[in-house]
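One letter stands for each residue in the lines below.
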Amino acid sequence: MAASAKKPARSRMTAAERREQLIEIARTVFAERGFDGASVEEIAARAEVSKPVVYEHFGGKEGLYAVVVDREVRHLLDMMREALTEGSPRVLLERAASALLDYVEQSSDGFRILVRDSPLGSATGSYVSIMSDIASRVEGILVDEFKRRGFDAKAAPMYAQMLVGMVGLTGQWWLDTRKPAKEVVAAHLVNLAWNGLAGLEAKPVLHSGR
């Protein structure tokens, strides 16, 4: 009976399931090693597939990296869009800062990927380029909000760059320090953005109740 016993067959993944598995594994590898340090061999080995399977789905490491980055950018943008729905200008600023810090906290691997410089021979994948892309999309949100509130919509692109740049760099710093608490960091970010150096509050708090 022992000789006739067989190991249970492993269920095969569908093509869609395999693609998702490879994306998740690649996300971890890219976060740990960066684009240059990551290899198709390691990604395939962790997924327990052959290298040709990775090439079949994504065409190579560059294609897989592009998919991972695109997903992270869309995830971050979705969080920011959800945050920038309604409220006073200050509350909107608070929610934007909090949304990016939420993303850093919840998707640390993804943020690590976004803050690395692109190794692809162009600036399109660099952190600066990615944040500029986010700012251009946030700009659309701000344009609508500015118009609704009677502000000059022509200033929205400038405010989008300021907001994303300041919050993005702070998020990059907070990624590893994680001190002080997220709400404290957000409150101080808004303190500087809203009040300026001349009008800093001694003990800023978030008005949105975050």
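Right, let's walk through the structure included here. Every value quoted in this text rests on a predicted model; they were computed, and no experiment measured them. (Residues numbered from 1 in each chain as written. Predicted model: local features only at pLDDT ≥ 70, side-chain atom pairs only at ≥ 80, totals over all residues. Heavy atoms only, no water.)

### Comments concerning a nonpolar patch on the surface
Stage number 1. Taken together, Met158, Tyr159 and Met162 make up a surface patch of nonpolar side chains, about 320 Å² in accessible area.
Stage number 2. Note that methionine 158 resides in helix α8 (residues 156–177).
Stage number 3. Classification of methionine 158 by relative accessible area gives partly exposed; the value is 45%. (Patch = residues over 30% accessible without salt bridge, like charges linked within 9 Å, V, L, I, M, F, W, Y side chains within 5 Å. Areas by Shrake-Rupley, 256 points an atom, 1.4 Å probe, with all protein chains shown as cover. Salt bridge = Lys/Arg side-chain N within 4 Å of Asp/Glu carboxyl O. Helix = DSSP H or I, 4+ residues; strand = E, 2+ residues; numbered from the N terminus. Buried < 20%, exposed > 50% of the residue type's maximum accessible area, 1.4 Å probe, protein only.)

### Thoughts on the packing of aromatic side chains
Stage number 1. Within this structure, the stated rule accounts for six aromatic pairs.
Stage number 2. Taking 5.0 Å as the distance between ring centres and 75° as the angle between the ring planes, the aromatic pair formed by phenylalanine 35 and tyrosine 65 counts as edge-to-face. Here phenylalanine 35, found in helix α1 (residues 15–37), pairs with tyrosine 65, found in helix α4 (residues 61–83); they are 30 residues apart in sequence, far enough to count as distant.
Stage number 3. For tyrosine 65, a relative accessible area of 4% gives the class buried.
Stage number 4. An angle of 70° between the planes, with centres 5.7 Å apart, marks the rings of phenylalanine 146 and tyrosine 159 as edge-to-face. Here the residue phenylalanine 146 occupies a position in helix α7 (residues 127–149), and tyrosine 159 occupies one in helix α8, the gap between them amounting to 13 residues.
Stage number 5. Accessibility expressed as a relative area gives 43% for tyrosine 159, which makes it partly exposed.
Stage number 6. Pairwise contacts between aromatic rings join Phe30, Phe35 and Tyr65 into one cluster.
Stage number 7. In this arrangement the basic side chain of lysine 61 is found over the ring face of phenylalanine 35, its NZ or CZ atom lying 4.3 Å from the centre.
Stage number 8. We note arginine 178 situated over the ring of tryptophan 174; from NZ or CZ to the ring centre the distance is 5.1 Å. (Phe/Tyr/Trp six-rings, centres within 6.5 Å; stacked < 30°, edge-to-face > 60°. Lys NZ or Arg CZ within 6 Å of the ring centre and 35° of its normal.)

So far we have only geometry, and geometry alone does not tell us how the molecule works.
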